[in-house]
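# Understanding the architecture of this molecule
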Amino acid sequence: MTRLTDLPPGQAKRLAELECPDFETRPWVTGAALSRCRVAIVSSAGLVVRSDNPFRGRDPDYRRIPITTKKNELLCSHISINFDRTGFQEDWNVVFPLDRLNELAAETVIGSVAATHYSFMGATDPVQMEPHARELAGRLKADAVDAVVLTPV
Amino acid sequence: MSALGHYLEEEGIATVAIALIRAQAENTKPPRALWVPFELGRPLGPPNDAAFQRRVLLAALNMLVGDGGPVRIIDFPEDDPRSQPDPAWQPPFMPGALVDGAVASLASRLEAEILLFHGAHQRWMAQYERSTVGLSGLAIVEAARYVADWLRGKAPASPRDGFSPPLILRFAVDDLKAYCLEAAGAGTAKPSSRQLGDWLWNETATGAALYALRDLLLTQEDDRLRLIVANFIVPAARARTG
């Protein structure tokens, strides 16, 4: 198992003290009632559909994961090897909880599941990711997405 | 994750992050975060435990309703039951000649071991209908040959257009590790990630070969190659010094 305490002290400190831009605003969008929410997953796990190009390093852009993706088609190309991958190998929901979202939608706990989900490479400089994240917001709105679950590794 | 949450909220989309490192969430201040006490790599917790994963996901989704922010962090109260070792787990059978041999034969033993795991990996595929092998785009025996050739000192050309040799090496190593760990996970036992990692890095020819490859290539003059070898073959928690 790999918890923060299992890593060499210097690396654990870097992760815990990860720098994030010092934003001037603290945006807060009040969510709709869950039963009306259309939800998308945005992962930072470097996920990629098998037929797509893997992340090569700290790429700032994102990959699309259509809802029709099969569980044997999703790979993890995250640049870091310092987290457990055996959970994701056994069950993609450990990182990409699409089956769980679909179940919640079928039970009308949430309104619906987005047609497309997305993944970034989490080790990338957030400043470089910004234009891609804002462009992604447009795609999410075009799909009528109200809420996003952000999943790390 | 926190920056992504910030950008998306500024664009009018509500977000909730699952956070594996509480100190990082406190430092980066996402709009909403559910901290989970699980190991890195498992934000939803145990594999193939739909009820547990559902509780995690609902705890996160429920943070979308109501106020309390900006910057709201809640702790998930349960730990991952799969983080405990399973004493019933047994690794795939491996002949002693594969595991115990001269360093000079590691490349050949790596290739032989990958062939040996074919049956166990087929059982994994039948059981889980899924494999995460494939980043290199090479068949697994080709990936094993590519890595073995590096260990033999050949510095082979990239077999894939648009991918440099060091990049293909990194992906081929990722594929070999995934193949071995999936093969070892086939069956009814539920090994912890530490059990699987201890086995891969301490008891297999593949693990020994990857240690040797790291040591060998760290002496090369190619800066990009040394960077990849230093950081992307052996996990930091498994690196041997001295």
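Details of the structure are given in the entry above.
The paragraphs below set out a description of the structure included in this document. This structure is a prediction, so every number in the text was calculated from the model and none was measured. Along every chain, residues carry numbers that run from 1 in the direction the sequence is written. The order in which chains are written sets their letters, starting at A; the order in which ligands are written sets their numbers, starting at 1. Local features in a predicted model are, by the rule used here, given only for residues with pLDDT of at least 70; side-chain atom pairs are given and counted only at 80 or more, and totals for whole chains, interfaces and linings are based on all residues. Side-chain metrics in this entry use all non-hydrogen atoms of the structure; hydrogen atoms and water are not considered.

### Focus: the overall build of chain B
Selection criterion: Secondary structure is summarised from DSSP: a helix means a run of H or I of at least four residues, a strand means a run of E of at least two, and numbering begins at the N terminus for each. Summary of the burial criterion: residues with accessible area below 20% of their type's maximum are buried, those above 50% are exposed, and those between are partly exposed, where the area comes from a 1.4 Å probe applied to protein chains only. In what follows, a contact means two residues having at least one pair of non-hydrogen atoms within 4.5 Å. The protein chains shown are the only cover counted for residues, whose accessible areas, like all others here, come from Shrake-Rupley with a 1.4 Å probe.
Helix and strand counts for chain B come out as 11 helices and three strands. In chain B, the order of α-helices and β-strands from amino to carboxyl end is α-β-α-β-α-β-α-α-α-α-α-α-α-α. Principal-axis analysis of the C-alpha atoms places the extent of chain B at approximately 65 × 45 × 35 Å. For chain B, the residues scored as buried account for 56% of the 242 residues in total. For chain B, the share of sequence-separated contacts (at least 6 apart) that also reach a separation of at least 24 residues comes to 63%. Accessible surface for chain B amounts to roughly 9600 Å². Of this, 53% is attributable to carbon and sulfur atoms.

### Looking at the nonpolar core
Residue and element names in this part refer to chain B. Counted only if it meets this: Put simply, a nonpolar core is a bunch of buried Ala, Val, Leu, Ile, Met, Phe, Trp, Tyr and Cys residues held in one set by side-chain atoms that sit within 4.5 Å of each other.
Formed by 50 residues in total, the largest nonpolar core has its most connected members in Ile-114, Val-147, Leu-169, Leu-176, Trp-199 and Leu-213. The set of elements that each furnish at least two residues to this core consists of helix H5 (106-116), helix H7 (140-151), helix H8 (165-185), helix H9 (193-203), helix H10 (205-217) and helix H11 (223-232). When residues of this core are assigned to their parent elements, the largest contribution, 13 residues, is made by H8. Contact partners of Leu-176, with chain neighbours within four places excluded, come to Leu-110, Ile-114, Ile-140, Ala-143, Ala-144 and Val-147.

### Overview of the packing of aromatic side chains
Residues and elements named next belong to chain B. Just so we agree on the cut-off: The pairing test for Phe, Tyr and Trp rings, Trp by its six-membered ring, is centres within 6.5 Å, and the orientation test on the planes gives stacked under 30 degrees, edge-to-face over 60, and tilted for anything in between.
Using the criterion set out here, one finds 12 aromatic pairs over all chains in the structure. Residues Phe-38 and Phe-76 carry aromatic rings whose centres are separated by 6.0 Å and whose planes lie at 75° to one another, so their mutual orientation is edge-to-face. Remark: Phe-76 occurs in the loop between strand S3 (72-75) and helix H4 (96-99) and Phe-38 occurs in the loop between strand S2 (32-35) and helix H3 (50-62); sequence separation between them is 38 residues. Judged by its relative accessible area of 2%, Phe-38 is buried. Both rings, one in Phe-52 and one in Phe-76, keep their centres 5.9 Å apart while their planes meet at 65°; by these two values the pair is edge-to-face. Taken together, the residues Phe-52 in helix H3 and Phe-76 in the loop between S3 and H4 connect sequence positions 24 residues apart. A single burial state applies to Phe-52 and to Phe-76, both of which are buried.

### Brief notes about the interface of chain A and chain B
Where we set the bar: Throughout, buried area stands for the accessible area (probe radius 1.4 Å) lost by two parts on being put together, summed over both. The salt bridge criterion pairs a side-chain nitrogen of Lys or Arg with a carboxyl oxygen of Asp or Glu, the two atoms within 4 Å. We define a polar contact as two N or O atoms separated by no more than 3.5 Å, with the added condition that, inside protein, one atom must be a possible hydrogen donor and the other a possible acceptor, whereas residues neighbouring each other in sequence contribute only through side-chain atom pairs. DSSP bridges decide pairing: two strands pair if at least two such bridges lie between them.
Taken together, the 84 residues of chain A in the interface contact 90 residues of chain B. For the pairing of chain A and chain B, the buried interface totals around 7600 Å² over both sides, and the portion due to carbon and sulfur atoms is 61%. Between the two partners, chain A and chain B, sit seven salt bridges. In this structure, the salt-bridge partner of Glu-90 of chain A is Arg-82 of chain B, at a minimum N-O distance of 3.0 Å. One can count 36 residue pairs in polar contact (both at pLDDT 80 or more) joining chain A with chain B. When contributions to the side of chain A that touches chain B are tallied by element, the ones reaching two or more residues are helix H1 (9-16), strand S1 (38-43), strand S4 (74-76), helix H2 (86-90), helix H3 (98-106), helix H4 (126-142) and strand S7 (147-151) of chain A. One ladder, built from four bridges, connects S7 of chain A with strand S1 (residues 14-19) of chain B; its direction is parallel. For Leu-150 of chain A, the partnering residue across the bridge sits in S1 of chain B and is Ala-17 of chain B.

### What about the pattern of salt bridges?
Inspection of the entire model under this criterion finds 25 salt bridges over all chains. Between Arg-42 of chain B and Asp-84 of chain A there is a salt bridge, with its nearest N and O atoms 2.7 Å apart. Taken together, the residues span two chains, with Arg-42 of chain B in the loop between S2 and H3 and Asp-84 of chain A in the loop between S4 and H2. For the pair formed by Arg-42 of chain B and Asp-84 of chain A, the shared burial category is buried. The residue Arg-42 of chain B makes a salt bridge to Glu-39 of chain B at a minimum N-O spacing of 3.5 Å. Here Arg-42 of chain B matches Glu-39 of chain B in class, with each residue buried. Salt bridges sharing common partners tie together Glu-111, Arg-145, Asp-149, Arg-152 and Lys-154 of chain B.

### Considering the side chain of Ser-77 of chain A
Note that Ser-77 of chain A resides in the loop between S4 and H2. Excluding anything up to four places from it in sequence, Ser-77 of chain A contacts Ala-45, Gly-46, Val-48, Pro-54, Phe-55 and Met-121 of chain A together with Leu-135 and Arg-170 of chain B.

### Describing the pairing of strand S3 (residues 63-66) of chain A
All names here are of chain A. Going residue by residue along S3, you find Arg-63 and Ile-65 tucked away on one face and Arg-64 and Pro-66 left uncovered on the opposite face. Bridge count for S3 against strand S6 (residues 116-119) is four bridges, and the pairing is antiparallel. Residue pairing in the sheet places Ile-65 in a bridge with His-117 of S6.

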